[in-house]
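Descriptive structure summary
Here is how the chains run, residue by residue.
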Amino acid sequence: VKEALEASKHAGASVPAGNVLEWWNKVASGKTSSLSIKSSDGKDVTGLINQLVDTAVLKRSKDIIARPDFAMYSSGASVIPSLTSETFEIKPRGLASRALGLVTGNGYAVGRPPVTALHHETHNGHCWPFAGSQGQLAVMLSMPAYISDVTIDHVAKEVATDMRSAPRHMELWGLIEGEENTWKYNLWRDQQSARKEEARTAAEAAGEKYVEEDDYPKTLPRSIPYMRITNFTYNIYAPDYVQTFPVPQEIQDLGIDFGVVVLLVKSNWGRDDFTCLYRLRVHGERLDGIPDPLPEEAAS
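Now for a description of the structure that goes with this document.

Cut-offs used in this document
- Residues numbered from 1 in each chain as written.
- Predicted model: local features only at pLDDT ≥ 70, side-chain atom pairs only at ≥ 80, totals over all residues.
- Heavy atoms only, no water.
- Buried < 20%, exposed > 50% of the residue type's maximum accessible area, 1.4 Å probe, protein only.
- Helix = DSSP H or I, 4+ residues; strand = E, 2+ residues; numbered from the N terminus.
- Pairing = 2+ DSSP bridges.
- Core = buried A, V, L, I, M, F, W, Y, C linked by side-chain atoms within 4.5 Å.
- Contact = heavy atoms within 4.5 Å.
- Expected span 1.5 Å × (residues − 1).
- Polar contact = N/O pair within 3.5 Å; in protein donor to acceptor, adjacent residues only side chain to side chain.
- Salt bridge = Lys/Arg side-chain N within 4 Å of Asp/Glu carboxyl O.

**Observations concerning the pairing of strand β11 (residues 279-286)**
The buried count for β11 comes to 6 of 8 residues, which makes it a mostly enclosed element. Sheet topology note: the strand β5 (residues 135-153)/β11 ladder contains 8 bridges and is antiparallel. From the neighbouring strand, T151 faces β11, where its bridge partner is R281.

Below is the structure:
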């Protein structure tokens, strides 16, 4: 690729200006045998450039990251309203205007619904806004899955109106369901408790005060257990605006499948009134696996 990029800097001198459009038309049709692009030292780089173009187009057609998304609405995922924050509303200013708006229904601007964050469209402004810098989105996945990664999409900073509304610190929590999953979770929780007790004993032996914080979200029910699958930070200064975050190997090794997840947004990048979530993706392996397709010989 590096050689091709270097060669392309000098390729323009090898192709007459009148043939450039003709060459690109033939690239689109797959007929480039009669034209060639050569570097300044005489090397033919036409085939390599064709391959780079084909690879880039193919990758784009696979949705950039080319991985199944168990949180995609069109695949069967859905939002759980009772565990999801309210959509942001812009209310009219002044008491009189608010009273008139309540009566007439005019003057209130409501953002797109939470299900927007489960769609692939991420044009500027096509997001789910919730009030403030903290909120959560609960999703019933299209099918139970062993989760390995989480992807957050946002609009590119070059075309964004205000990047302060982008989510920053986030956590993904999953509902523990089923006898086998509950057994694995309880075993892991006991191990975590043992580690905390060791830390407490070590702190007391050193004459230090040990403070154990309860990090279980207040917005999740305690009657049924949820566990934190992973936490991560979306970086608006990174070159890629589609960012994937792996689940810690320790959590993956538990072998717990999840059918319900809750994305907790702990903060954003500086906007006080609302936060915009463009898309949540959840990756991994489906619980029951995927049956093997027909062998390649069947295509002939």
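Moving on from the coordinates now.
**Looking at the nonpolar core**
Of all hydrophobic cores here, the largest spans 46 residues; its most connected members are V139, I147, M227 and V261. Where this core is concerned, the elements lending two or more residues are β4 (128-131), β5, β6 (169-175), α5 (179-205), β7 (226-233), β9 (258-265), β10 (274-277) and β11. Among all residues touching I147, those that are not within four sequence positions of it are L141, L172, I229, V247, Q252, F258, V261, V282, H283 and G284. Counting 11 residues, the second largest nonpolar core, distinct from the first, contains W173, Y216, L220 and V262.

**What to know about α5**
Quick reminder: α-helices carry 3.6 residues per turn. Residues three or four places apart thus point the same way. Taking 1.5 Å per residue, 27 residues should reach 39 Å; α5 reaches 39 Å between its end C-alpha atoms and fits that length. By the burial criterion, the buried members of α5 are N181, K184, Y185, W188 and A203. Residues of α5 that are buried sit in contact with β7 and α6 (249-252). G207 lies just past α5 and shows a positive phi near 75°.

**Quick word on the side chain of S267**
Inspection of the secondary structure assignment puts S267 in the loop between β9 and β10. Here S267 falls in the buried class, since its relative accessible area comes to 16%. Within the local environment of S267, its side chain forms a polar contact with the backbone nitrogen of H169, the two atoms lying 3.4 Å apart. Excluding residues that lie within four positions of it along the chain, S267 makes contacts with S133, P167, R168 and H169.

**What about the pattern of salt bridges?**
Scanning all chains against the criterion turns up 12 salt bridges. Where D273 meets R271, a salt bridge forms, and the shortest distance between an N and an O atom there is 2.7 Å. Looking at D273, the relative accessible area reads 33%, which means it is partly exposed. The salt bridge partner of D288 is R286, with a shortest N-O separation of 2.9 Å. The exposed category is assigned to D288, whose relative accessible area is 60%. When salt bridges that share partners are traced, they join D162, R164, R271 and D273 into one network.

**Digging into unusual backbone geometry**
A negative phi angle characterises most non-glycine residues, just as the trans form characterises most peptide bonds. A positive phi angle, close to 50°, is found at A66, a residue other than glycine. Secondary-structure assignment places A66 in the loop between α3 (46-61) and β1 (78-79).

**Regarding the environment of Y146**
Looking at the element boundaries, Y146 is found in strand β5. Linking Y146 and R286, residues 140 residues apart in sequence, is a C-alpha distance of 6.2 Å. When neighbours within four sequence positions are excluded, Y146 is seen to be in contact with G255, I256, D257, H283, G284, E285, R286 and L287.

**Side note on the environment of V262**
Summarising the element assignment, V262 is placed in strand β9. Exposure remark for V262: the relative accessible area of 0% places this residue in the buried category. Taking the C-alpha atoms as reference points, V262 and M227, 35 residues apart in sequence, are found 10.0 Å from one another. The contacts of V262, once residues within four sequence positions are left out, are Q136, L137, A138, E171, L172, W173, L220 and Y226.

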